[in-house]
Amino acid sequence: MRFSTAVTGLTAATVVSAQVGVSGARAPLTSDYTATEVADGTAFNNVSRMALENMQYNIGHRNTTSCTYDNAEQRQEWRTLPAATRKSFTDSITCLMDMPPTHMTAEEAPGYPGVKSRYDEYVATHINYTYNIHDTADFFAWHRTFIHFWEQDLINLCGYTGVLPYWNWALDVEAPQNSPLFSGDAYSLGSNGKYIANRTDIYLYEQSINMPPGTGGGCVYSGPFSNVTINLGPLDLPNEVNVNSSFQYNPRCLKRDINPFFLQTYNTYTNITETMLDNIYIEDFQDIFQGYGSSPFGLHGGGHYTGGGSMMDFHSSPSDPLFFLHHGMVDRVYTIWQNLDIYRRQTAISGTSTLGNSPASAEMTLNDTMPFGFVGPDVRFGDYIDTFGGDLCYRYD
Ligand SMILES: [Cu+2]
């Protein structure tokens, strides 16, 4: 095993020096590593450390005392959280599902018959803005802020004392259905869906691929969320009865269909590393990441379709708490990408506020507002492009 630092002379220190104006050094590329290092996560872990060193250096020069590299929240991968913290995390999620809405007014309620809980306010807000937060300039920043608000609710409304965990897809590529996330014990994120046999491939027209059936398909049957009722969606699931209106009340169980095909095809260490290192411009990085480039799913779509069930619904996917761990990893990869070349990438944006610019809308600027509906206050885009901006103060481990 060798690190690129030994091969190319590109050390974290020289990358840091590039950040302060010394020309010559550049952010690493996949080609700086061997195929084995890319495939086994060595390259990913190496550049993650470089990104953290750059971040630490950069934050250290900002003259802030309230939020520093050392006192920032440090988000962790799900399986590194202590069992008791994992339990407290899922308990606090159930608490949000049992809590009445906090933002929707009595006057608004008739327009949102499916919003029954504080948790549903998140789902409804994502449904409402679906076409303004995907394949737009603010895809990364909006979802970053969305999961931040959710984490703050777990803490402030439901007494959670841990950090928002993320799901490192690559750790589960061999058999995601056997991941500790889905073991179904009290410390997991709930089980897979109950297995439904004798299913055939489904052809996905939009992505032009055959989707093989996953390893579940039915309701989550043990552990956390096996007894929860989800109320909104689905709006666009293949082979499901979808609702007729966006906020229709449609109570049902939480379904999953953990599907190794997607994780193995779109979310390996090689996929992650190539996406992160070989797209140096934000317009390419965000497109490839979301499956609007050569791959029909990208890291973002691959994780969603691996979950199956609710996670595959473009609009109502936050119905499955797995959404927030998946988007934690999305945010982590974006954060690493940004910090590998802070001065060029931290505030780089490209695109409009409509999906694929359809209907056409103005190019977004950092002064634009990102709307959060029932979730929280609208925020300035530029304040949330940085994990130390706005009221954010976190980094990944
Ligand atoms: Cu989304």
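Values in this document were obtained by computation on a predicted structure and should not be read as measured data. (Residues numbered from 1 in each chain as written. Predicted model: local features only at pLDDT ≥ 70, side-chain atom pairs only at ≥ 80, totals over all residues.)

Examining the overall build of the protein chain
What the protein chain contains, in helices and strands, is 13 helices and 8 strands. Its C-alpha atoms give the protein chain a radius of gyration of 20 Å, within 12% of the compact-globule value 21 Å for 397 residues. Across its three principal axes, the protein chain shows a C-alpha extent of roughly 60 × 45 × 45 Å. In the protein chain, which comprises 397 residues, the share counted as buried stands at 47%. (Helix = DSSP H or I, 4+ residues; strand = E, 2+ residues; numbered from the N terminus. Rg over C-alpha atoms; globule rule 2.2 N^0.38 Å. Buried ≥ 20, exposed ≤ 12 C-beta atoms within 10 Å, placed from the backbone.)

Section: unusual backbone geometry
Of the consecutive residues G233 and P234, the connecting peptide bond is found in the cis state with omega at -5 degrees. Here P234 is to be found in the loop between β5 (217-220) and α8 (260-266). For the bond running from S358 to P359, omega is -5 degrees, close enough to zero to count as cis. Secondary-structure assignment places P359 in the loop between α13 (342-345) and β6 (369-370).

Describing the environment of D257
Tracing the backbone shows D257 in the loop between β5 and α8. Given 26 C-beta atoms within a 10 Å radius, D257 is considered buried. Non-local contacts of D257, meaning those with residues more than four positions away in its chain, are made with G193, G214, G216, G217, G308 and G309. (Contact = placed C-beta atoms within 7 Å.)

What about the nonpolar core?
Ranked by size, the top nonpolar core spans 87 residues in total, and within it V47, A124 and V333 carry the most contacts. A per-element tally of this core places helix α12 (residues 322-339) first, with 10 residues. The contact partners of V47, leaving out residues within four places of it in the chain, are P28, L277, I336 and L340. (Core = buried A, V, L, I, M, F, W, Y, C linked by C-beta atoms within 7 Å.)

Points about helix α11 (residues 298-307)
Counting buried residues in α11 gives 10 out of 10 residues, a clear majority hidden from the surface. Among the residues of α11, those classed as buried are G298, L299, H300, G301, G302, G303, H304, Y305, T306 and G307. Backbone geometry just after α11 places G308 at a positive phi near 65 degrees.

What about the packing of α11 against α12?
Interaxial distance between α11 and α12 falls to 10 Å at its minimum, and their mutual angle equals 160 degrees. Considering their axes alone, α11 and α12 lie roughly antiparallel with respect to each other. Both α11 and α12 take part in a crossing whose hand is right-handed. Only L322, H326, V330 and V333 of α12 make contact with α11, whose side of the interface consists of L299, H300, G303, H304 and G307. Looking at side-chain class alone, the contact of α11 with α12 contains 4 nonpolar, 5 polar and no charged residues. (Axes fitted to C-alpha atoms, helices over the stretch in contact; angles between N-to-C directions. Parallel < 35°, antiparallel > 145°, perpendicular 65-115°, else oblique. Left-handed = near helix turned anticlockwise from the far one by under 90°. Nonpolar A, V, L, I, M, F, W, Y, C, P; charged D, E, K, R; others polar.)

A look at the confidence of the model for the protein chain
Per-residue confidence for the protein chain gives a mean pLDDT of 93; residues scoring 70 or more make up 94%. Low pLDDT, under 50, characterises residues 1-24; the stretch is placed with 39 contacts to residues that sit more than four places away or in other chains. (pLDDT = per-residue confidence, 0-100.)

Regarding the UniProt feature "domain: Tyrosinase copper-binding" (unreviewed entry) in the protein chain
Within this numbering scheme, the UniProt entry marks residues 320-331 as carrying the feature "domain: Tyrosinase copper-binding" (unreviewed entry). Taken end to end, residues 320-331 has its terminal C-alpha atoms 18 Å apart, with 83% of it in helix and 0% in strand. (UniProt positions renumbered as here; feature names shortened; annotations may be inferred.)

Quick notes on the environment of Y69
Summarising the element assignment, Y69 is placed in the loop between α4 (42-60) and β1 (73-75). Along the backbone, Y69 and L52 are 17 residues apart, and their C-alpha atoms lie at a distance of 9.3 Å. Residues within four places of Y69 in sequence aside, it is in contact with M55, Q56, I59 and G60.

Some details on the environment of P165
Counting through the fold element by element, P165 comes out in the loop between α7 (139-158) and β2 (193-195). The exposure class of P165 is buried, given the 23 C-beta atoms found within 10 Å. Sequence separation between P165 and Q74 is 91 residues; the distance between their C-alpha atoms is 9.4 Å. Excluding residues that lie within four positions of it along the chain, P165 makes contacts with R75, Q76, E77, W78, L81, F89, L325 and G328.

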